[in-house]
Amino acid sequence: QLEEGFQDEFVVDKGWTAEGNATTGIWERGEPIGTFSGQTPINPDEDNPTDLGVECFVTGNGGGGIGTDDVDNGATVLISPPMDLSAINEPTLNFDYWFAIVDRDPPANDSLIGSVSNGQREVGLQRITNSTNAWAASPAFDLSNFIQITDIMQIKFTAIDVDPGHVTEAAIDVFRITSEAPLPVELVAFEGAVETAG
């Protein structure tokens, strides 16, 4: 725990939960088991190497073939524990993410969505649709620019497999909310960030 803010590198369980209607690829915390399409990594084979421990949150971690435990038939939503950010000036969210889609006909249409809730309203922060196949850093989000800050803030990460499905994997690590103001960046909030997909 930071003096001002919240930090989680997922070494211990701080109370994150998962919900949604996906049939496989449900978010889970652990040391990731890599899967590969040829030489291209699909599920990460290690957490972000810059943080503590070896754990991260990943969508399914069963190993095997690339389609064995990926996100299928809907959405899986990773939800942070409630956080009191009301006393923080410009609470700024940063996280590292992994996103991979095995493209085929028809073109890939799945996504990883980050959103923020204050207990009354939820707003989307970022919709990721392009594969990274590696760990990548998010922009810095000053949450007060998107939503009223309360004492029950939650961050959600939604990985969605939309019909017709593709092999889709996601992971989250190095999660931090601090009082550091971010550099200006062009960001547009959007509503309805976590609609489930059938």
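Quick caveat: nothing in here was measured; it's all calculated off a predicted structure. (Residues numbered from 1 in each chain as written. Predicted model: local features only at pLDDT ≥ 70, side-chain atom pairs only at ≥ 80, totals over all residues. Heavy atoms only, no water.)

So, on to the nonpolar core. Ranked by internal contacts, the top residues of the largest apolar core, which has 34 residues, are Leu112, Phe157 and Phe175. Mapped onto this core, the elements with two or more residues apiece are strand E8 (92–102), strand E9 (111–117), strand E10 (122–128), strand E13 (154–161) and strand E14 (167–178). Ignoring sequence-local partners within four residues, the contact set of Phe157 consists of Trp16, Trp27, Thr76, Val77, Leu78, Phe95, Leu112, Ile113, Gly114, Ile172 and Phe175. (Core = buried A, V, L, I, M, F, W, Y, C linked by side-chain atoms within 4.5 Å. Buried < 20%, exposed > 50% of the residue type's maximum accessible area, 1.4 Å probe, protein only. Helix = DSSP H or I, 4+ residues; strand = E, 2+ residues; numbered from the N terminus. Contact = heavy atoms within 4.5 Å.)

This part is about the sheet that holds E9. The strand order across the open sheet built from five strands is E2-E7-E13-E9-E10, with neighbouring strands paired in antiparallel fashion. Of all strands in the sheet, those with a lone pairing partner are strand E2 (17–20) and E10, marking the two edges. Neighbouring strand axes in the sheet, compared pairwise and without regard to direction, differ in orientation by 25 degrees on average. Here six bridges tie strand E7 (residues 74–79) to E13, and the two strands are oriented antiparallel to one another. Bridging across to E13, Thr76 finds its partner in Ala159. (Pairing = 2+ DSSP bridges. Axes fitted to C-alpha atoms, helices over the stretch in contact; angles between N-to-C directions.)

A cluster of nonpolar side chains, Val11, Val12 and Leu52, forms an exposed patch at the surface whose accessible area comes to about 270 Å². Relative to the assigned elements, Val12 resides in the loop between strand E1 (6–8) and E2. (Patch = residues over 30% accessible without salt bridge, like charges linked within 9 Å, V, L, I, M, F, W, Y side chains within 5 Å. Areas by Shrake-Rupley, 256 points an atom, 1.4 Å probe, with all protein chains shown as cover. Salt bridge = Lys/Arg side-chain N within 4 Å of Asp/Glu carboxyl O.)

Applying the stated criterion across every chain yields a total of one cavity of 30 Å³ or more. Lining the largest cavity are Thr35, Asn43, Thr59, Gly60, Asn61, Gly62, Gly63, Gly65, Asp69 and Glu169. Along the lines of polarity and charge, the residues of the lining of the largest cavity split into no nonpolar, eight polar and two charged. (1 Å grid on protein atoms, 1.4 Å probe; cavity = no way out; pocket = protein on both sides within 12 Å on 5 of 7 lines; lining within 4 Å. Points joined across faces, edges and corners; volume = space filled by probe spheres on them. Nonpolar A, V, L, I, M, F, W, Y, C, P; charged D, E, K, R; others polar.)

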